[in-house]
Amino acid sequence: MNHSGTAFDQKDAVEVTKDRNGIDQVVLRNPRGASARVSLHGGQILSWRTDRGEELLFTSSKAIFKPSYAVRGGIPICFPQFGPRGSLEQHGFARNRIWIIDDNPPPLHPNYSSCHTSHTDLLLKPSEDDLKVWPHSFEFRIRVSLTADGNLSLISRIRNINCKPFSFSIAYHTYFSISDISEVRVEGLETLDYLDNLCQRERFTEQGDALTFESEVDKVYLESGDIIAIFDHERKRTFLIQKEGLPDVGVWNPWEKKSKTMVDFGDEEYKQMLCVNGAAVEKPITLKPGEEWTGRLELSVVPSS
């Protein structure tokens, strides 16, 4: 295979297919054979595979693939609300709406447009029903890219096309596929303050070294650095999360007891997943009329000992 990409047909790089409900999905491929699959239901990434075909994102075997249900797995987009922090449905409505392919998006800043071999641009605008529950006009654009190295990049742009300011929260609720939750540690969150959703969002300070997991966790770490690492000792690989415009990090695993209460999640599946989210939660982002926010998340995987 030509790893330089010179013989790679761009028609192979982006393919539009349909899922079992007739909803469009976009499949991205790079010259080395890595791939990603994005559904227009929620603008949600459902799959990210290495050039060896190894799936890097977790999706529950009990996930419900029907409009009006959020798919349990992949990378749901939480907007304009994270969790129950507001008057809207859990995690906001963006993950339950049908997005459209944006064939002619405004150009990205040059900083964001290098080395992407294949990408798709999606767009969400509020429906009349959305405006009844959240009366703010916006354009939410996301570019999903697969780089030459197989990294997954998400660049979001949210523009206020209203005549008054509005504020929102956002999170990329990424479900990473792991060998076993007991074999995983997370670095980059040491000594940070966090809000513990299991303790009425009380604020604490993280103690000790890397995070390891022995029970249910549902925390939002505040003002983190731009790089977070998830080490999977058994699979000898490390996920790297690089982010811009997303100061907070959510960490979630339901553990055994809560797993058994979730209809779209297997009783033992908590062992094979960990959510680590790039987010802007504690301090909502405010946009004046005509103003635009840009956030970026890039995921990569590297071998580790």
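Presented here is an overview of the structure given in this document. (Residues numbered from 1 in each chain as written. Predicted model: local features only at pLDDT ≥ 70, side-chain atom pairs only at ≥ 80, totals over all residues. Heavy atoms only, no water.)

1. Overview of the overall build of the protein
Item 1. From N to C terminus, the protein includes three helices and 20 strands.
Item 2. For 305 residues, the compact-globule formula gives about 19 Å, and the C-alpha radius of gyration of the protein, at 19 Å, lands near that figure.
Item 3. When the backbone C-alpha atoms are referred to their principal axes, the protein occupies close to 55 × 45 × 35 Å.
Item 4. Looking at the protein as a whole, 53% of its 305 residues are labelled buried.
Item 5. Taking all contacts inside the protein whose residues are at least 6 apart in sequence as the whole, residues at least 24 apart take part in 65%.
Item 6. Roughly 13800 Å² of accessible area belongs to the protein as shown, and the carbon and sulfur atoms make up 47% of that amount.
Item 7. Distance between charge centres in the protein, computed from 36 positive and 44 negative side chains, equals 4 Å. (Helix = DSSP H or I, 4+ residues; strand = E, 2+ residues; numbered from the N terminus. Rg over C-alpha atoms; globule rule 2.2 N^0.38 Å. Buried < 20%, exposed > 50% of the residue type's maximum accessible area, 1.4 Å probe, protein only. Contact = heavy atoms within 4.5 Å. Areas by Shrake-Rupley, 256 points an atom, 1.4 Å probe, with all protein chains shown as cover. Lys, Arg positive; Asp, Glu negative; His and termini not counted. Charge placed at Lys NZ, Arg CZ, Asp CG, Glu CD.)

2. Here's the deal with the layout of surface pockets
Item 1. The volume enclosed by the second largest pocket comes to roughly 340 Å³.
Item 2. Lining the second largest pocket are 19 residues, with Thr50, Asp51, Arg52, Asp149 and Val301 sitting closest to its centre.
Item 3. For the lining of the second largest pocket, the element with the highest residue contribution is strand S20 (residues 292-303), accounting for three residues.
Item 4. Of the residues that constitute the lining of the second largest pocket, the class distribution is six nonpolar, four polar and nine charged. (1 Å grid on protein atoms, 1.4 Å probe; cavity = no way out; pocket = protein on both sides within 12 Å on 5 of 7 lines; lining within 4 Å. Points joined across faces, edges and corners; volume = space filled by probe spheres on them. Nonpolar A, V, L, I, M, F, W, Y, C, P; charged D, E, K, R; others polar.)

3. Remarks on the nonpolar core
Item 1. Formed by 68 residues in total, the largest nonpolar core has its most connected members in Phe140, Leu152, Phe168, Phe213 and Leu274.
Item 2. The leading source of residues in this core is strand S19 (residues 273-287), at seven residues.
Item 3. Here Phe213 is in contact with Ile181, Ser182, Val184, Val186, Val251, Trp255 and Leu274, once residues within four sequence places are set aside.
Item 4. Formed by eight residues, the second largest nonpolar core is a distinct cluster that contains Phe82, Ala171, Leu222 and Ala279. (Core = buried A, V, L, I, M, F, W, Y, C linked by side-chain atoms within 4.5 Å.)

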